[in-house]
Amino acid sequence: MKKLTPQALRRASVVVAALTASAIALTGCGGSSGASSQAAPAVKDPKVLTVSTTGAPISMDPGLSGNGRLGTMLQPAYEPLVRTNAEGELEPALAESWDVSDDNKSVTFTLRQDAKFSDGEAVNAAAAKKSIEYWVAKKGPFSVNLSSLESITVDSEYQFTVKLSEANPDVVSIFNTYWLAGDLISPKAVDNPEVLGTETHGAGPYVLDTKSTITGKTYTYLPNENYYDPAKIHWDKVVISVYEDSNSAVQAFKTGQLKLMISDPITGNANKDNLPKDARIVSDPVQWTGLVFTDRSGEVNEPLGDVRVRQAINHGIDRELVTKALFGDFGTPTSQLQVKGFTGYDPANDEKYPYDPEKAKKLLADAGYPDGFTINVGYVANTLNSTQAQAIAGQLEKIGVKLKINEAQNMGELQTRMKQKEFGALVGTPSWSAVRAIAQGSGVRFRSRVGWLARSRRSRKRVRLPMEVPGQGARS
């Protein structure tokens, strides 16, 4: 059996551990789709896991949802085929083993035989095939990961093979929690997909309690009586609440209303020296954030169509200064999407755009913009995005480039406005649909540790796991 080790996917297994085994480490990133009002305080109860996150999910349907913080609400209820452990290695979940072909064009999964969905249906090869095909057909944010899917064949009751038209040596990791393809959905729900928007139909340790859930604010989960490993269910209830205001979440955490707080590196850095003695910060290398050009053609903002302008913007931001000011020890300045230890990392790329405001001004003048110009920029409302938007705007103003900042209340609104071509750039950690736009554009990024506050009964030690987050510079 060939087991792959995708270092770039460290996040998902830690989240699952926190929700199923009382391990005090919950990690996530991405943008925020937000709620219009503040979540109600969670109840202090040793049998209840209370969690905060910065925004509501794009959808509760795995075929349409986002990941990172946007995928937090799915993880208690949906069990993946595989997980990534703390060492970045894949380990069994619903799939007890897997075998990748020598040409990396197919993978055969062998499922465990004791797993059931929350509705009692068996998790078998036919159900897996049906779920994955549904997931691909929904064309959600991550369906591009299986754009080369050729077929899924049921080899036996508990074994199936996924075949691709193109080689992918990292194919198994697509079925990790983080990328959602492996979050299997019950066949009954696939046949009635409208229920997936408000209910959960997975094989995870918990199931969404729709009666106690307020969409966009608070999501409540109860134990799944059909979960294959009851010993891993350590909570009578899991409550995940939306806190758009990080300061409110910090106060709730300090007063014990929250056991876990999923936040951002800015909040982590600001509060690292002012936490309860039994609290710790856990972070890992999963988030990249900054200014993202989505209009390389200059259709929305004409100047961005000139590579000299994009290069000027890259030279006009002091990444080191901004990173230190906002993230402290939880970030590293960068000019590329990948980081040290990740596939595709090239140390030379981080030397490509040194801070040089005079060179930036000359490039703008050569491009025909000696007096600068204005960029329409969008971001989803949360502490991370709003703070760095102001910091980046302050930097670029020094070279004559102004940012017209537009705030979207949630990821859905941002995506809609992107389709309407309102923005030439984004600030923050964009959705995968935005990442696909980045493939045609460029941007200025900072690596940032994602900070989470966690209250642990087992340890009073503050932990900082190594974390760097990728960024990208302008491309010619």
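Procedures and definitions
- Residues numbered from 1 in each chain as written.
- Predicted model: local features only at pLDDT ≥ 70, side-chain atom pairs only at ≥ 80, totals over all residues.
- Heavy atoms only, no water.
- Helix = DSSP H or I, 4+ residues; strand = E, 2+ residues; numbered from the N terminus.
- Buried < 20%, exposed > 50% of the residue type's maximum accessible area, 1.4 Å probe, protein only.
- Contact = heavy atoms within 4.5 Å.
- Areas by Shrake-Rupley, 256 points an atom, 1.4 Å probe, with all protein chains shown as cover.
- Pairing = 2+ DSSP bridges.
- Right-handed = clockwise from strand over helix to strand, strands pointing away.
- Axes fitted to C-alpha atoms, helices over the stretch in contact; angles between N-to-C directions.
- Parallel < 35°, antiparallel > 145°, perpendicular 65-115°, else oblique.
- Left-handed = near helix turned anticlockwise from the far one by under 90°.
- Nonpolar A, V, L, I, M, F, W, Y, C, P; charged D, E, K, R; others polar.
- pLDDT = per-residue confidence, 0-100.
- Core = buried A, V, L, I, M, F, W, Y, C linked by side-chain atoms within 4.5 Å.
- Salt bridge = Lys/Arg side-chain N within 4 Å of Asp/Glu carboxyl O.
- Expected span 1.5 Å × (residues − 1).

**Re the overall build of the chain**
Okay, so step 1: For the chain, the helix and strand inventory stands at 11 helices and 19 strands.
Okay, so step 2: The buried share of the chain, reckoned over its 476 residues, is 59%.
Okay, so step 3: Within the chain, contacts between residues separated by at least 24 positions form 72% of all contacts whose residues are at least 6 apart in sequence.
Okay, so step 4: When the accessible surface of the chain is split by element, carbon and sulfur atoms take 47% of a total near 18200 Å².

**Overview of the pairing of strand 16 (residues 401–408)**
Okay, so step 1: Alignment of strand 15 (residues 373–380) against strand 16, held across 8 bridges, turns out to be parallel. Residue pairing for strand 16: Tyr 379 is matched across the bridge by Glu 407.
Okay, so step 2: For the handedness criterion, the β-α-β arrangement of strand 15, helix 9 (residues 383–397) and strand 16 is classed as right-handed.

**With respect to the packing of helix 6 (residues 307–315) against helix 8 (residues 357–366)**
Okay, so step 1: Look at helix 6 against helix 8: their axes get within 8 Å of each other, and the N-to-C directions meet at 165°. Between helix 6 and helix 8, the interaxial angle falls into the category roughly antiparallel. Relative to helix 8, the crossing made by helix 6 is left-handed. Of helix 8, the residues touching helix 6 (which contributes Arg 308, Val 309, Gln 311, Ala 312 and His 315) are Pro 357, Lys 359, Ala 360, Leu 363, Leu 364 and Asp 366.
Okay, so step 2: The residue inventory of the contact of helix 6 with helix 8, partitioned by class, reads 6 nonpolar, 2 polar and 3 charged.

**As for the confidence of the model for the chain**
Okay, so step 1: For the chain, per-residue confidence averages 80 on the pLDDT scale, and 78% of positions sit at 70 or higher.
Okay, so step 2: This model gives residues 1–43 a pLDDT under 50, and the stretch forms 172 contacts once residues within four places in sequence are excluded.
Okay, so step 3: In the model, residues 431–476 has pLDDT below 50 throughout and makes 239 contacts with residues more than four positions away in sequence or in other chains.

**What about the nonpolar core?**
Okay, so step 1: Leu 81, Phe 109, Phe 160 and Phe 175 are the most contacted members of the largest nonpolar core, which totals 62 residues.
Okay, so step 2: Looking at this core element by element, the count peaks at 7 residues for helix 2 (residues 125–137).
Okay, so step 3: Contacts of Leu 81, omitting those with residues within four sequence positions, involve Pro 92, Ala 93, Leu 94, Ala 95, Phe 109, Leu 111, Ile 132, Phe 160, Phe 175, Gly 182 and Leu 184.
Okay, so step 4: Core analysis: the next-biggest nonpolar cluster, separate from the first, contains 40 residues, Leu 304, Ala 312, Phe 373 and Tyr 379 among them.

**What about the pattern of salt bridges?**
Okay, so step 1: In total, this model carries 13 salt bridges according to the counting rule given.
Okay, so step 2: The salt bridge partner of Lys 130 is Asp 191, with a shortest N-O separation of 2.7 Å. With Lys 130 in helix 2 and Asp 191 in helix 3 (residues 187–191), this pair connects stretches of sequence that are 61 residues apart.
Okay, so step 3: A relative accessible area of 30% means that Lys 130 is categorised as partly exposed.

**Let's talk about the side chain of Arg 417**
Okay, so step 1: In this fold, Arg 417 is placed in helix 10 (residues 411–419).
Okay, so step 2: If we ignore the near neighbours within four places in the chain, the residues touching Arg 417 are Asn 406, Glu 407, Ala 408, Glu 422 and Phe 423.

**Topic: helix 2**
Okay, so step 1: Here helix 2 spans 18 Å end to end across 13 residues, near enough to the 18 Å set by a 1.5 Å rise per residue.
Okay, so step 2: Listed as buried for helix 2 are Ala 125, Ala 127, Ala 128, Ser 131, Ile 132, Tyr 134, Trp 135 and Val 136.
Okay, so step 3: Contacts made by the buried residues of helix 2 are with strand 5 (106–111), strand 6 (149–156), strand 7 (159–164) and helix 3.
Okay, so step 4: Positive backbone phi, approximately 55°, marks Lys 139, located one or two places after helix 2.

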